[in-house]
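Next come the chains, spelled out residue by residue.
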Amino acid sequence: MTASKEFGQGMVIQQRNLVEQVADFLTQAIIRQHYAPGERLSEMQLARDLGVSRAPVREAARLLESRGLLVSQPRRGFFVRALDATELNDVFDLRLCLERHALARLIETYDTEKELALRRQVELMCEVALKDSDSRKIEEDLVFHRMLIAFAGNRRLLKAFDDITHELRLCIALIGKTHAEPDSIATSHWALLDALASGDPGHCREAIDYHIGVAQHYVVKGIGDT
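Report follows, based on the coordinates. (Residues numbered from 1 in each chain as written. Predicted model: local features only at pLDDT ≥ 70, side-chain atom pairs only at ≥ 80, totals over all residues. Heavy atoms only, no water.)

Re the overall build of the protein
For step 1, the next point in the chain: A tally of helices and strands in the protein yields twelve helices and three strands.
For step 2, the next point in the chain: Residue pairs at least 24 apart in sequence account for 69% of intrachain contacts in the protein once pairs closer than 6 positions are excluded.
For step 3, the next point in the chain: Counting every atom, the protein has about 11,800 Å² of accessible surface; 50% of that belongs to carbon and sulfur. (Helix = DSSP H or I, 4+ residues; strand = E, 2+ residues; numbered from the N terminus. Contact = heavy atoms within 4.5 Å. Areas by Shrake-Rupley, 256 points an atom, 1.4 Å probe, with all protein chains shown as cover.)

Some thoughts on the pairing of strand β2 (residues 70-73)
For step 1, the next point in the chain: Sheet topology places β2 next to strand β3 (residues 77-80); four bridges connect them, and they run antiparallel. Looking at β3, one finds that S72 is bridged to F78.
For step 2, the next point in the chain: Linking β2 to β3, which pair antiparallel, is a turn of three residues; within it R75 sits at a positive phi near 65°. (Pairing = 2+ DSSP bridges.)

What to know about helix α7 (residues 134-152)
For step 1, the next point in the chain: For α7, which comprises 19 residues, the first-to-last C-alpha distance of 28 Å matches the rise-based estimate of 27 Å (1.5 Å per residue) to within 8%.
For step 2, the next point in the chain: Every buried residue belonging to α7 is among S135, I138, E140, D141, L142, F144, H145, M147, L148, I149 and A152, and all of these are buried.
For step 3, the next point in the chain: Looking one or two places after α7, you find G153, whose phi comes out positive at around 85°. (Expected span 1.5 Å × (residues − 1). Buried < 20%, exposed > 50% of the residue type's maximum accessible area, 1.4 Å probe, protein only.)

Regarding the sheet that holds β2
For step 1, the next point in the chain: The three strands are arranged β1-β3-β2 in an open sheet whose pairing can be described as antiparallel. Edge positions in the sheet fall to β1 (40-41) and β2, since each has one partner strand and no second.
For step 2, the next point in the chain: Pairing between β1 and β3: two bridges, direction antiparallel. Across the sheet, R40 pairs through a bridge with F79, a residue of β3.

Notes on the nonpolar core
For step 1, the next point in the chain: Membership of the largest hydrophobic core comes to 67 residues, with the highest contact counts inside it found for L26, Y35 and L196.
For step 2, the next point in the chain: Looking at this core, the element that brings in the most residues is helix α5 (residues 85-109), giving nine residues.
For step 3, the next point in the chain: Ignoring sequence-local partners within four residues, the contact set of L26 consists of Y35, L41, L46, A60 and L64. (Core = buried A, V, L, I, M, F, W, Y, C linked by side-chain atoms within 4.5 Å.)

Concerning the side chain of H145
For step 1, the next point in the chain: With respect to the helices and strands, the residue H145 is situated in helix α7.
For step 2, the next point in the chain: The class for H145 is buried, based on a relative accessible area of 0%.
For step 3, the next point in the chain: Apart from the residues lying within four places of it in its own chain, the contact partners of H145 are R95, E99, F161, H189, L192 and H211.

A word on the side chain of E140
For step 1, the next point in the chain: By the secondary structure assignment, E140 is in helix α7.
For step 2, the next point in the chain: You can call E140 buried: its relative accessible area is 12%.
For step 3, the next point in the chain: In terms of polar contacts, E140 uses its side chain to reach the side chain of Q121, at 2.9 Å.
For step 4, the next point in the chain: Every residue in contact with E140, bar those within four places of it in the chain, is listed here: Q121, L124, M125 and V128. (Polar contact = N/O pair within 3.5 Å; in protein donor to acceptor, adjacent residues only side chain to side chain.)

Some remarks on empty space enclosed by the protein
For step 1, the next point in the chain: A full pass over the atoms with the stated rule returns one cavity of 30 Å³ or more.
For step 2, the next point in the chain: Here the largest cavity defines a volume of roughly 30 Å³.
For step 3, the next point in the chain: Lining the largest cavity, in full, are L26, L41, S42, E43, L46, V57, A61 and F78.
For step 4, the next point in the chain: Residues of the lining of the largest cavity, tallied by class, amount to six nonpolar, one polar and one charged. (1 Å grid on protein atoms, 1.4 Å probe; cavity = no way out; pocket = protein on both sides within 12 Å on 5 of 7 lines; lining within 4 Å. Points joined across faces, edges and corners; volume = space filled by probe spheres on them. Nonpolar A, V, L, I, M, F, W, Y, C, P; charged D, E, K, R; others polar.)

Regarding the packing of helix α2 (residues 18-31) against helix α4 (residues 54-66)
For step 1, the next point in the chain: α4 packs onto α2 with a crossing angle of 60° between their chain directions and a minimal axis gap of 8 Å. Between α2 and α4, the interaxial angle falls into the category oblique. Read as a crossing pair, α2 and α4 show a hand that is right-handed. In this structure, α2 uses L18, V19, E20, V22, A23, L26, T27 and I30 to contact α4, whose residues at the interface are P56, V57, E59, A60, L63 and L64.
For step 2, the next point in the chain: Per-class residue counts for the contact of α2 with α4 are eleven nonpolar, one polar and two charged. (Axes fitted to C-alpha atoms, helices over the stretch in contact; angles between N-to-C directions. Parallel < 35°, antiparallel > 145°, perpendicular 65-115°, else oblique. Left-handed = near helix turned anticlockwise from the far one by under 90°.)

Here you go:
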């Protein structure tokens with residue numbers, strides 16, 4: 001498979017944490033769409049390209065299946081998950097519930113220290129938007145939203161967010177491919193900080209509803225147009 005060869009060029013897979021390393025490789029390849037949605041992954045080809053046996057490739061694929069990035073079919077192997085409009089809407093709906101609640105809690109304890117940390121992250125996101133890879137943009141976006149939830153102080157809420165992070169990576173990657181101005185995604189986060197600074201719960205709810213709603217619109221519309 002040319003995609004895995006291209007993406008793995010110069011990459012050395014070490015024996016330590018081998019399954020996780022292969023899983024990380026496959027995750028980045030899927031996010032960058034080196035493998036198209038619905039494409040079958042060849043264990044033999046991946047093992048050859050990465051210089052490992054088929055066992056860690058198979059275990060990594062099972063791990064990514066549990067994370068929602070791959071699906072398996074009996075006697076056919078693993079395929080890149082192709083999210084349809086219904087599944088995408090479900091992911092965004094759950095994300096909205098989590099982040100609405102996080103902001104409602106965070107506004108009660110929002111202080112200068114938290115504001116400064118979030119501002120620094122948005123500044124970093126704006127820098128990354130101008131010069132870095134799509135995968136770096138996605139990771140920094142997720143860092144910002146994870147910070148919002150972590151600052152809310154509910155560990156169960158944070159765990160729920162972490163559980164959908166891998167699916168969110170796919171969703172955010174799709175935003176960049178369907179949004180008219182992908183670089184504006186980073187700057188859109190300033191509105192969330194303005195809402196928190198206002199101290200108004202209603203303003204915070206409106207801001208997060210709009211922020212996630214716009215992303216949902218572009219992704220679901222983009223899927224529908226393909």
